[in-house]
Amino acid sequence: MKTALAALALFVSLLRPCTGLAVDAAQLSDLLREAFGDDERTCAVIRMLDREISARPDDERLRNLRIAAYGALNNPYPARADVDFLAARHPDSPPFQLQKCLYAEATGATREENRLCYLRVAELCEQSGKADVHSHEYLLALLLADAPEAEEAKRNFLAALSDSPMDQALKEILADFSREQLIRRIDPSEIRYRCPQEQ
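Fair warning: this is a prediction, and the values are worked out from it, not measured in the lab.

Caption draft 1: Expanded view of the overall build of the chain. Along the backbone of the chain there are eleven helices and zero strands. Of the regular secondary structure in the chain, the N- to C-terminal order runs α-α-α-α-α-α-α-α-α-α-α. Looking at the chain residue by residue over its 199 residues, the buried ones come to 44%. Taking the contacts inside the chain whose residues are at least 6 apart along the sequence as the reference set, 61% of them involve residues at least 24 apart. Total accessible area on the chain stands at roughly 10,100 Å², and carbon and sulfur atoms take up 54% of it.

Caption draft 2: Quick look at the packing of aromatic side chains. By the definition in use, this model includes zero aromatic pairs. The ring of phenylalanine 85 has arginine 63 lying over it, and the distance from NZ or CZ to the ring centre is 3.7 Å.

Caption draft 3: Main features of unusual backbone geometry. Positioned with a positive phi, asparagine 74 is a non-glycine residue whose angle comes to about 55 degrees. Position of asparagine 74 among the secondary structure elements: in the loop between α4 (60-72) and α5 (80-89). Located in the positive-phi region is aspartate 146, a residue other than glycine, with phi close to 55 degrees. Mapping aspartate 146 onto the fold places it in the loop between α8 (136-144) and α9 (150-160). Taking the relative accessible area as the measure of exposure, aspartate 146 reaches 49% and is therefore partly exposed.

Caption draft 4: Spotlight on the environment of lysine 171. On the secondary structure map, lysine 171 appears in helix α10 (residues 165-175). Not counting residues up to four positions away in its chain, the partners in contact with lysine 171 are Leu158, Leu161 and Ser162.

Caption draft 5: Molecular detail of the state of the cysteines. Summed over all chains, the structure comprises two disulfides. One disulfide in the model links cysteine 43 with cysteine 195; its S-S distance is 2.0 Å. Here the S-S torsion is close to -85 degrees, and the disulfide linking cysteine 43 with cysteine 195 is therefore left-handed. With a gap of 152 residues between them, cysteine 43 in helix α3 (residues 39-55) and cysteine 195 in the segment after α11 (179-182) connect regions that are remote in the sequence. Residue class for cysteine 43 comes out buried when judged on its relative accessible area of 1%. Judged by its relative accessible area of 0%, cysteine 195 is buried. Across the disulfide from cysteine 101 sits cysteine 117; the S-S distance is 2.0 Å. One quick way to see it: the torsion about the S-S bond of cysteine 101 and cysteine 117 is about -90 degrees, and its sign makes the bridge left-handed. One end of the pair, cysteine 101, is in helix α6 (residues 94-106); the other, cysteine 117, is in helix α7 (residues 111-127), and 16 residues separate them in sequence. Taking only the cysteines that form disulfides and numbering them from first to last, the chain has the pattern 1-4, 2-3.

Reading the values: the criteria
Residues numbered from 1 in each chain as written. Predicted model: local features only at pLDDT ≥ 70, side-chain atom pairs only at ≥ 80, totals over all residues. Heavy atoms only, no water. Helix = DSSP H or I, 4+ residues; strand = E, 2+ residues; numbered from the N terminus. Buried < 20%, exposed > 50% of the residue type's maximum accessible area, 1.4 Å probe, protein only. Contact = heavy atoms within 4.5 Å. Areas by Shrake-Rupley, 256 points an atom, 1.4 Å probe, with all protein chains shown as cover. Phe/Tyr/Trp six-rings, centres within 6.5 Å; stacked < 30°, edge-to-face > 60°. Lys NZ or Arg CZ within 6 Å of the ring centre and 35° of its normal. Disulfide = S-S within 2.5 Å.

So, in C-alpha cells, the structure goes:
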C-alpha cells in the first residue's frame with residue numbers, strides 16, 4: 001500500500017498544471033527520488049523541505065514535493081496542510097480539488113463528504129470545459145462520487161483511447177475499476193513510520 005499512496009501522489013501531481021521550478025526545488029526533487037524506499041532519508045528531505053517552505057511559503061513546487069514525500073511514507077495526514085493550501089490557492093482547478101478530495105477520503109472524511117467533494121470536482125470540470133472524453137479528473141470524480149453518469153463517461157473515455165501501450169494499460173485499469181485500486185482510508189495506527197519531527 002506504501003507504493004499505492006506514492007503512486008497516487010505522483011499521479012495527481014502529473015494532473016496539476018506545472019509551476020516554475022526553483023533551483024533548490026529541483027535538487028530537493030532529485031534527493032527525494034533517491035531517498036524513495038528509505039524512510040529516514042525521506043524524512044531528512046522532508047526536514048529540508050520544511051526549512052525551505054518556511055522561507056518561501058508560497059512556493060507550490062516545494063509543497064508538491066512535501067506531499068509526494070509524505071506519500072512515499074504512506075502518511076497522508078501531515079500532507080493535508082499542503083494539499084489544502086494548494087486547493088485554496090486554486091479553487092477552480094479540478095486537479096487541485098480532486099487531490100483535496102482524495103486526501104480527505106484517505107484521512108477519514110465521511111462517505112457523503114467524499115461524494116459531495118467529487119461531485120464538486122465534476123462540476124468544476126463541466127464549468128471549465130474539461131468534461132470531455134479525455135478528462136481524467138472528470139472521469140475519476142464521477143466514478144468516485146458514484147454518479148449515475150459515471151459508467152457512460154467511462155465507456156466514452158475508454159472508446160476514445162488509442163492503441164498506444166499507455167492507453168492500453170489505462171484501459172486495463174479502468175475496465176475493472178474499483179475505489180480501492182485508487183484510494184483507501186488510512187487509519188493513523190497503520191502508519192508504520194513517522195518522521196521524528198512529527199512525533
